[in-house]
Amino acid sequence: MKLRIDNYGLDEFHAVARAFGSGRYGYVVTPNVDHLIRYSEDSAFRDVYADAAYVLFDSRFLAKWLKLTRSLAIKPCPGSDLTQRILESGEASADRLVLVGGTAIQARLLSVRYGLRDLVHIEVPMGFIHDRRAVDRCLDRIEAASPFRYCFMAVGSPQQEFLSRQLKLRARALGLAL
């Protein structure tokens, strides 16, 4: 079982993300140690990874360990650092952004802190992933906000990866989900 890794560092992938645009849909997954364990044990999770547009290595620790023990040079690109880079760059402040998860207060604070003029916030209830209707409502709201520059999935793993894949399978959203 092999995992495809797109070997981009933070600066390199930030340039890729900036160029992605909103004329097509893709999603990014960022494997860390927990993801790699889940990947080895769960075929549905492997399917999520197979459909991802980009697979970026999230773990600096594991990247160093692989270099020391296997002589593999994999560049880390943690999802949290990428999100921060995108927001701090100001490049997307005028674009439509979607935030799935978090509270209305957190979304408002993000908007103010980063000067976001078109942030669509989708608040979901705890455990929503186990309620098909709640998942469908969430997906419908994301698609209604499309096209977007970025859709920030903030509902934890593996929920956010499964939602991202569902958006791809439904083929109605346009933009890059992280």
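As a reminder, the structure under discussion sits directly above these lines.
Colleague: Break down helix H6 (residues 104-114) for me, with residues and values.
Modeller: Taken together, the buried positions of H6 are occupied by Ala107, Ser111 and Tyr114. Considered in projection along H6, the buried side chains sweep an arc of 95 degrees and stay on one side of the axis. The outward face of H6, more than 90 degrees from its buried face, is lined by the exposed residues Ile105, Arg108, Leu109, Val112 and Arg113. At its buried positions, H6 is contacted by helix H5 (79-89), strand E3 (96-100) and strand E4 (118-122). Of the residues flanking the end of H6, it is Gly115, one or two places downstream, whose phi is positive at about 65 degrees.

Colleague: Explain the environment of Gly79 residue by residue, including any values.
Modeller: Structurally, Gly79 can be placed in helix H5. Linking Gly79 and Leu56, residues 23 residues apart in sequence, is a C-alpha distance of 8.0 Å.

Colleague: Report on the nonpolar core, specifying residues and quantitative values.
Modeller: Membership of the largest hydrophobic core comes to 27 residues, with the highest contact counts inside it found for Val100, Ile142, Cys151 and Leu163. Taken together, the elements giving at least two residues each to this core come down to strand E1 (25-29), helix H3 (43-51), E3, helix H7 (132-144), strand E5 (150-153) and helix H8 (159-170). Setting aside residues no more than four positions away along its own chain, Leu163 makes contact with Val100, Phe128, Ile129, Val135, Cys138, Leu139, Met153 and Val155.

Colleague: Explain the packing of H7 against H8 to me, using residue names and the numbers behind them.
Modeller: Where H7 contacts H8, the axes come no closer than 11 Å and their chain directions differ by 65 degrees. The pairing of H7 with H8 is recorded here as roughly perpendicular in orientation. In the crossing of H7 with H8, the sense of the turn from one axis to the other is right-handed. Only Leu163, Gln166, Leu167 and Arg170 of H8 make contact with H7, whose side of the interface consists of Arg132, Val135, Asp136, Cys138, Leu139, Asp140, Ile142 and Glu143. Partitioning the contact of H7 with H8 into residue classes produces 6 nonpolar, 1 polar and 5 charged.

Here is what the cut-offs are and how they apply
Residues numbered from 1 in each chain as written. Predicted model: local features only at pLDDT ≥ 70, side-chain atom pairs only at ≥ 80, totals over all residues. Heavy atoms only, no water. Buried < 20%, exposed > 50% of the residue type's maximum accessible area, 1.4 Å probe, protein only. Helix = DSSP H or I, 4+ residues; strand = E, 2+ residues; numbered from the N terminus. Arc of directions from axis to C-beta. Contact = heavy atoms within 4.5 Å. Core = buried A, V, L, I, M, F, W, Y, C linked by side-chain atoms within 4.5 Å. Axes fitted to C-alpha atoms, helices over the stretch in contact; angles between N-to-C directions. Parallel < 35°, antiparallel > 145°, perpendicular 65-115°, else oblique. Left-handed = near helix turned anticlockwise from the far one by under 90°. Nonpolar A, V, L, I, M, F, W, Y, C, P; charged D, E, K, R; others polar.

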